[in-house]
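Breakdown of the fold
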Amino acid sequence: MMTYVNRSALWLLMMSLLMLVACTPNSPESTPPTTPPLAQSIRFHIWADDVPQEVLDQFTTETGVVVELVTYDSQDEAIANLRNGGIYDVIVLNNEYVAVAIKEALLARLDYSVITNFRNISPNFRDLIYDPQNQFSVPYNWGTLGIVVNPQKVSRPITRWADLWDAEFIGKLVMWNGIHTTIGMTLKMLGYDANSTNFDELAEAERKLMELKPSVLAFVGASANVVSLLTEGDGVIALGYVGDVFVAQDAGFTFEYI
């Protein structure tokens, strides 16, 4: 199973949400806390169905600050919105897209004098290669990528990445919309590092992914889509996240996760 830091975000926890402005970078650990002024509202750009409305309502109750939720269905859509001049106080991006946004100067540097909760972030998730010293982002959540299966629709146990290429799943495979995850999964299936930059290995992964193309029923950007396609639609199996299983459980379904 491939694990990774997922959906790294400019998620300035609670009071810190209001202070995404350009500033001089400083140490996440050494800057004394200050009390920032509050805005009347903030714009929050995130995956559809990713944050319960009651969380946002509670934030407004505690702070008086209204959260304007602006959702997207894919990371490509999110980065395109930034490139097209979209203005957001907080945006959730996958780690590889954080690197792209930094390179294109689409993000403001963070002011750690008002992000005092950063000290609670595990060192394992700090100072990663896509954002050294966490100058532009802080971790939001992480999880695992795996195979999500509706056991009522398969004839045998699913145990490995290579099972996705079985002929029985032609036109029945659901995949999250993400270049990094699909290529990484294929590299792992071929026995290579999921983050390989070897040209020959990447070319082999590309050829293998093209073989998978007839199996793909749909690319999705929300767990709810995975659940509906695997239950009410023609989907049988998915390349998805562990969160898809939780959403299925909430809807009364039992999925397997490999």
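Description of the structure in this document.

What follows is about the overall build of the protein. Across its full length, the protein carries seven helices and nine strands. Looking at the protein as a whole, 45% of its 258 residues qualify as buried. For the protein, long-range pairs separated by at least 24 residues make up 71% of all intrachain contacts whose partners lie at least 6 apart in sequence.

Attention shifts here to the pattern of salt bridges. Applying the stated rule across the entire model yields seven salt bridges. In this structure, E211 and K208 form a salt bridge, with 3.2 Å as the shortest nitrogen-oxygen distance. Highlighted residues: E211 and K208, both in helix α5 (residues 199-212), separated by three residues, approximately one helical turn. The class for E211 is partly exposed, based on a relative accessible area of 49%. A network of salt bridges, in which partner residues are shared, links R156, R160, D163, D166 and E168.

By size, the foremost hydrophobic cluster in this structure holds 55 residues, and its most contacted members are L164, M185 and I237. Residues Y112, V114, I121 and V138 belong to the second largest nonpolar core, which totals seven residues.

On to helix α4 (residues 179-189), then. Where α4 is concerned, the buried positions are T181, T182, G184, M185, T186, L187 and M189. After α4 finishes, the residue G191 shows a positive phi value of roughly 90°.

Bringing the pairing of strand β5 (residues 143-149) into the picture now. The buried fraction of β5 is high, at seven of seven residues. Note: β5 against strand β8 (residues 237-241), five bridges, orientation antiparallel. In the sheet register, V149 faces β8, and the bridge partner there is I237. Relative to strand β9 (residues 256-257), β5 runs antiparallel, the two being bridged by two bridges. Paired with V149 across the strands is E256, a residue of β9.

Turning to unusual backbone geometry, a few remarks are in order. Even without being a glycine, Q133 presents a positive backbone phi close to 65°. Along the chain, Q133 falls in the loop between α3 (95-103) and β5. A positive phi angle is found at N134, which is not glycine, with a value near 50°. By the element assignment, N134 lies in the loop between α3 and β5.

Further remarks concern the environment of F44. Among the secondary structure elements, F44 is positioned in strand β2 (residues 41-47). For F44, a relative accessible area of 2% translates into the label buried. Between the C-alpha atom of F44 and that of V90, which follows or precedes it by 46 residues, the distance is 4.9 Å.

Turning our attention to the packing of helix α2 (residues 75-83) against α3. Contact geometry for α2 and α3: axes closest at 11 Å, N-to-C directions at 15°. Viewed along their axes, α2 and α3 adopt a mutual orientation that is roughly parallel. α3 is crossed by α2, and the crossing has right-handed handedness. Residues Q75, D76, I79, L82 and R83 of α2 form the contact with α3, whose participating residues are Y97, V100 and A101. Across the contact of α2 with α3, the residue classes tally to five nonpolar, one polar and two charged.

Turning next to α5. Along its 14 residues, α5 runs 20 Å from first to last C-alpha, staying within 8% of the 20 Å computed at 1.5 Å per residue. Buried within α5 we find A203, A205, L209 and L212. One side of α5 holds all its buried residues, which, seen down the axis, span an arc of 165°. Seen from the buried face of α5, the exposed residues on the opposite side, beyond 90 degrees, are F199, D200, R207 and M210. Where the residues of α5 are buried, they touch β6 (173-176), α4 and β7 (216-220). Backbone nitrogen of D200 and a side-chain oxygen of the N-cap are separated by 2.9 Å at the start of α5; the cap is N198.

What follows concerns the pairing of strand β3 (residues 66-72). Looking at chain direction, β2 and β3 are connected through seven bridges and run parallel. Within the sheet, the bridge partner assigned to S41 lies in β3 and is V66. Handedness of the crossover joining β2 and β3 through helix α1 (residues 53-63): right-handed.

Scoring rules and cut-offs
Residues numbered from 1 in each chain as written. Predicted model: local features only at pLDDT ≥ 70, side-chain atom pairs only at ≥ 80, totals over all residues. Heavy atoms only, no water. Helix = DSSP H or I, 4+ residues; strand = E, 2+ residues; numbered from the N terminus. Buried < 20%, exposed > 50% of the residue type's maximum accessible area, 1.4 Å probe, protein only. Contact = heavy atoms within 4.5 Å. Salt bridge = Lys/Arg side-chain N within 4 Å of Asp/Glu carboxyl O. Core = buried A, V, L, I, M, F, W, Y, C linked by side-chain atoms within 4.5 Å. Pairing = 2+ DSSP bridges. Axes fitted to C-alpha atoms, helices over the stretch in contact; angles between N-to-C directions. Parallel < 35°, antiparallel > 145°, perpendicular 65-115°, else oblique. Left-handed = near helix turned anticlockwise from the far one by under 90°. Nonpolar A, V, L, I, M, F, W, Y, C, P; charged D, E, K, R; others polar. Expected span 1.5 Å × (residues − 1). Arc of directions from axis to C-beta. Polar contact = N/O pair within 3.5 Å; in protein donor to acceptor, adjacent residues only side chain to side chain. Right-handed = clockwise from strand over helix to strand, strands pointing away.

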